[in-house]
Amino acid sequence: MKISKLVQRAGTETAFETLAKAKALERQGRSIIHLEIGEPDFNTPENIKQAGIKAIQENYTHYSPSQGILELREAVAENISKTRNIDVSPDEVVITPGGKDIIFFTALSLLDDGDEAIYPNPSYPIYESAIKIAGATPVPLQLLEENDFAFDRKEFEKLVTEKTRLIIINSPGNPTGSILSQEDLEFIADIAKKNDIMVLSDEIYSQIIYGEKFRSIASIKGMKERTIILDGFSKTYAMTGWRLGYGVANKELIKAITKIITNSDSCVATFTQIAGIEALKGPQDEVEKMRKMYEERRNIVINGLNEIPGVSCKMPKGAFYAFANIKSFGKTSKELADYLLNNAGVATLPGTAFGKYGEGYIRLSYATSKENIREGLNRIKEALSKL
Ligand SMILES: Cc1ncc(COP(=O)(O)O)c(C=O)c1O
């Protein structure tokens, strides 16, 4: 059997591999603190669960339109219009099994062989992978710790060529927790408009943000038509396993993405979509409760990391990750993450799981209890003191 070149080009998400390794150690009786996976530890709020159960009982168990059911698209359009201060209609919305598909389907819809796509690095590994699967060339834009994990504008300009078709941005960002400033967003918008480039704005952490107002590039004049907003329910509503996300873009692109869905998934589980309507239209107090809890945990983990000799970590402004600098130990990120897993029983991810510019860092997810965070920090401190 021969595996296709397309699959050989694809990358992967190391988080799932590390999780498997950590689980194997647990099966051998080891105690492991899980700081590797980027998934809320909270359960889906009760009103959303009940809406899903009721939908199954009411037989919302049949196929639905590939683009998503109208009532959910209306709820998304209303929500995005309000939160991004733009005018979105339901036919500019597509519902997908997770926000992740928007990355993949956008790449498939916009990129051809020989095209180039600029994406942040370190970043969510699926960007690079999706660009490669589509046959295009991934062009990494380095995020710099000294710039609070923003990019250097001069370097950005150098990466733009006549082949650039797509720019991917992610704010708040995974794995750094950084937020793009209004000036940076306007800089990118200018480049996109001047060079006729589309922008995929991954806004999956738009509601997990600390002390700042969320800003979308789509809100900038002239950008709505050339932006694909990716958002969803996994992080905001603790609904990772439901598989529900969406894209907001111009109608032509939404049609292209819908065509891919007809060819692949057919549609998102219909009862899941009904639960999504409740998520958007029901009470939002659980969202704020979770956000506050993440903020408290963030303070514990960042302060704790900065107290460990040899480790330093910037205060993230969003998402639920700490991206800690471990360069002083003279080991690669992978060696250090392996050392922490095997010797301290703490699962983290090497920065290189997020691209080559992640070397020298490890990512810790603080979507876990304060007890776990404290125990994890104690174990890390002790293990690193032996190096
Ligand atoms: C930056 C980013 N984008 C998109 C996703 C995909 O989320 P989902 O497919 O669960 O909606 C994730 C999940 O980890 C992420 O971190």
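Residues numbered from 1 in each chain as written. Predicted model: local features only at pLDDT ≥ 70, side-chain atom pairs only at ≥ 80, totals over all residues. Heavy atoms only, no water.

Caption draft 1: Quick peek at the overall build of the chain. Regarding its fold elements, the chain presents 13 helices and 13 strands. Computed over the C-alpha atoms, the radius of gyration of the chain is 21 Å, within 12% of the 21 Å expected from 2.2 N^0.38 for a compact globule of 387 residues. In terms of overall dimensions, the chain has C-alpha extents of about 60 × 55 × 55 Å along its principal axes. Counting all 387 residues of the chain, 57% fall into the buried class. Relative to all contacts within the chain whose residues are 6 or more apart in sequence, the contacts with residues 24 or more apart total 74%. Counting every atom, the chain has about 17,000 Å² of accessible surface; 49% of that belongs to carbon and sulfur. (Helix = DSSP H or I, 4+ residues; strand = E, 2+ residues; numbered from the N terminus. Rg over C-alpha atoms; globule rule 2.2 N^0.38 Å. Buried < 20%, exposed > 50% of the residue type's maximum accessible area, 1.4 Å probe, protein only. Contact = heavy atoms within 4.5 Å. Areas by Shrake-Rupley, 256 points an atom, 1.4 Å probe, with all protein chains shown as cover.)

Caption draft 2: Just the pattern of salt bridges, in detail. Following the criterion strictly, the structure yields 26 salt bridges and no others. Measuring nitrogen to oxygen at the nearest pair gives 3.2 Å for the salt bridge that ties Asp196 to Arg226. Of the two residues, Asp196 is situated in the loop between helix H8 (182-195) and strand S6 (198-202) and Arg226 in the loop between S6 and strand S7 (227-232); the sequence distance between them amounts to 30 residues. With relative accessibility at 16%, the residue Arg226 sits in the buried group. (Salt bridge = Lys/Arg side-chain N within 4 Å of Asp/Glu carboxyl O.)

Caption draft 3: Examining the domain arrangement of the chain more closely. Splitting the chain by domain gives domain 1 (5-43 + 285-385) and domain 2 (46-281). Taking only C-alpha atoms, the centre of domain 1 and the centre of domain 2 are 25 Å apart. Counting each side, the surface lost to burial between domain 1 and domain 2 is near 3,200 Å², with a carbon and sulfur contribution of 59%. Joining domain 1 to domain 2, the criterion identifies three salt bridges. With a shortest N-O distance of 2.7 Å, Lys100 and Glu13 are connected by a salt bridge. Inspection of the domain 1/domain 2 interface yields 22 residue pairs in polar contact (both at pLDDT 80 or more). The biggest single contributor to the side of domain 1 that touches domain 2 is helix H11 (residues 285-306), with six residues. When grouped by side-chain class, the residues that make up the side of domain 1 that touches domain 2 number 19 nonpolar, nine polar and 10 charged. (Domains from an automatic or database assignment. Buried area = accessible area lost by both parts, 1.4 Å probe. Polar contact = N/O pair within 3.5 Å; in protein donor to acceptor, adjacent residues only side chain to side chain. Nonpolar A, V, L, I, M, F, W, Y, C, P; charged D, E, K, R; others polar.)

Caption draft 4: Looking closely at the site of the ligand. Near the ligand, the surroundings consist of 13 residues, among which Gly99, Asp202, Tyr205, Ser234 and Lys235 are the closest. Taking Gly99, its main chain carries an N or O atom lying 2.7 Å from an oxygen atom of the ligand. Here Tyr205 contributes a side-chain N or O atom positioned 2.7 Å from an oxygen atom of the ligand. Here the ligand, which alone exposes 400 Å², has 94% of that area covered by the protein. (Near = heavy atom within 4 Å.)

Caption draft 5: Representation of the sheet that holds strand S8 (residues 245-248) within the structure. In space, the seven strands of this open sheet follow the order S2-S8-S7-S6-S5-S3-S4, with mixed pairing throughout. One side of each edge strand has no neighbouring strand; the edge strands of this open sheet are strand S2 (93-96) and strand S4 (137-142). Going from strand to strand, the sheet's axes swing by 20° on average, the running direction of each strand aside. The pairing of strand S3 (residues 116-121) with strand S5 (residues 164-170) spans three bridges and is classified as parallel. Bridge assignment links Glu116 to a residue of S5, and that residue is Thr164. (Pairing = 2+ DSSP bridges. Axes fitted to C-alpha atoms, helices over the stretch in contact; angles between N-to-C directions.)

Caption draft 6: Seen up close, the pairing of S4. Relative to S4, S3 runs parallel, the two being bridged by six bridges. Within the sheet, the bridge partner assigned to Ile118 lies in S4 and is Val139. Regarding topology, helix H6 (residues 126-133) serves as the crossover connection from S3 to the parallel S4, and that connection is right-handed. (Right-handed = clockwise from strand over helix to strand, strands pointing away.)

Caption draft 7: Layout of helix H3 (residues 46-57). Taking 1.5 Å of rise per residue, 12 residues should cover 16 Å, and H3 covers 16 Å from first to last C-alpha, within 8% of that figure. Buried residues of H3: Ile48, Ala51, Gly52 and Ala55, and no others. Projected onto a plane normal to the axis of H3, the buried residues spread over an arc of 100° and lie on a single side. Looking at the buried positions of H3, the neighbouring elements they touch are helix H10 (270-281). Immediately downstream of H3, the backbone of Asn59 shows phi near 70°, a positive value. (Expected span 1.5 Å × (residues − 1). Arc of directions from axis to C-beta.)

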